[in-house]
Amino acid sequence: MNWTLFDTAIGHCGIAWSERGVTAVQLPEATERATRARLLRARPNAVEGEPPDAIQKAIDAIVALLRGDRVDLSFIPLDDAAVPEFHRRVYDIARTIAPGTTLTYGDIAKRLGDITLSRAVGQALGRNPFVIIVPCHRVLAAGDKAGGFSAPGGAETKLRMLKIEGVYVGEPSLFD
């Protein structure tokens, strides 16, 4: 397994990969060093390396998306061998959410066939190792509220990424 860091409009991101595809994406921490450390905690056996063509294309697409381009990342291969089956099903649905659009946790649960799975959908997305490629930032809570986000910066990062894509999520005010 290999990894590298790359610069984006929101800071230094990291990516790890195997021969099968991407194994992890890391959103920026406060510093490049912290981003590297977080990625390596998740993938301790990974070795820094030069990305092969397929991974470089993935990096270029992520950079473009975070710059505000409407880029479809569904072409990026994932190595999801270590991902539980239910999570894979959730991630497959999330990968269909186009830039600039959103679904709710309940929408995904309905597509899985059971609205009561909404909380489990949220938990699966909270463990998403493929952030951005599996666009969990495009999944909102009921009432189109931001909901949580387990990446660095929490919901603020989620809202920032959505804003880059042209989606504005407002929490209701006291006057609504």
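Everything below is about the structure printed above this text.
If you're wondering where the values come from, they're calculated on a predicted model, not measured in any experiment.

Visitor: Describe in detail the overall build of the protein chain, supporting the description with residues and values.
Guide: Helix and strand counts for the protein chain stand at six helices and six strands. Listed N to C, the secondary structure of the protein chain is β-β-β-α-β-α-α-β-α-α-β-α in terms of helices and strands. Its C-alpha atoms give the protein chain a radius of gyration of 16 Å, near enough to 16 Å, the size a compact globule of 176 residues would have. Here the C-alpha coordinates of the protein chain stretch approximately 50 × 35 × 25 Å along the principal axes.

Visitor: Can you explain the sheet that holds strand β3 (residues 22-26)? Please cite residues and give values.
Guide: Spatially, β3-β2-β1-β4 is the arrangement adopted by the four strands of the open sheet, whose pairing is mixed. What marks the edges here is a single partner per strand, and that holds for β3 and β4 (47-48). The strands touched by helix α2 (residues 53-67) within the sheet are β1 (2-8), β2 (11-17) and β3, with β1 carrying the most contacts at an inclination of about 30°.

Visitor: Mind laying out the packing of aromatic side chains, listing which residues take part and the relevant values?
Guide: The full count for this structure, using the stated rule, is one aromatic pair. For the pair Y91 and F130, a centre-to-centre distance of 6.3 Å together with 85° between the ring planes defines the contact as edge-to-face. Of this pair, Y91 sits in helix α3 (residues 85-94) while F130 sits in the loop between α5 (118-126) and β6 (139-140), and the two are 39 residues apart along the sequence. Taking relative accessible area as the criterion, Y91 reaches 3% and is therefore assigned buried.

Visitor: Describe the nonpolar core, with residues and values.
Guide: Ranked by internal contacts, the top residues of the largest apolar core, which has 45 residues, are V22, L27, I108, L125 and I132. No other element matches the eight residues that α2 contributes to this core. Contact partners of I132, with chain neighbours within four places excluded, come to L27, I62, L65, L66, L73, H137 and M161. Within the second largest apolar cluster, six residues are counted, among which are W3, A16, A24 and L39.

Visitor: Describe unusual backbone geometry, naming the residues involved and giving the relevant values.
Guide: Most peptide bonds take the trans form, and the phi angle of most residues other than glycine is negative. Phi is positive for I132, which is not a glycine, with a value near 80°. Backbone geometry places D144, a non-glycine residue, at a positive phi of 55°. Here D144 lies in the loop between β6 and α6 (154-164).

Visitor: With reference to specific residues and values, describe the side chain of T23.
Guide: Residue position: T23 is located in strand β3. Excluding its chain neighbours within four sequence positions, the residues that come into contact with T23 are M1, A16, W17, S18, R43, D79, P129 and F130.

Visitor: Explain the pattern of salt bridges to me, using residue names and the numbers behind them.
Guide: Once their charged atoms are close, side chains differing in charge can pair, the charge on each being opposite to the other. Under the definition given, this model contains seven salt bridges. Among the ionic pairs, E29 bridges to R38, the shortest N-O distance being 3.0 Å. When its relative accessible area of 21% is taken as the criterion, E29 is described as partly exposed. Linked by salt bridges that have partners in common, D80, E85 and R88 make up one network.

Reading guide: rules and limits
Residues numbered from 1 in each chain as written. Predicted model: local features only at pLDDT ≥ 70, side-chain atom pairs only at ≥ 80, totals over all residues. Heavy atoms only, no water. Helix = DSSP H or I, 4+ residues; strand = E, 2+ residues; numbered from the N terminus. Rg over C-alpha atoms; globule rule 2.2 N^0.38 Å. Pairing = 2+ DSSP bridges. Contact = heavy atoms within 4.5 Å. Axes fitted to C-alpha atoms, helices over the stretch in contact; angles between N-to-C directions. Phe/Tyr/Trp six-rings, centres within 6.5 Å; stacked < 30°, edge-to-face > 60°. Buried < 20%, exposed > 50% of the residue type's maximum accessible area, 1.4 Å probe, protein only. Core = buried A, V, L, I, M, F, W, Y, C linked by side-chain atoms within 4.5 Å. Salt bridge = Lys/Arg side-chain N within 4 Å of Asp/Glu carboxyl O.

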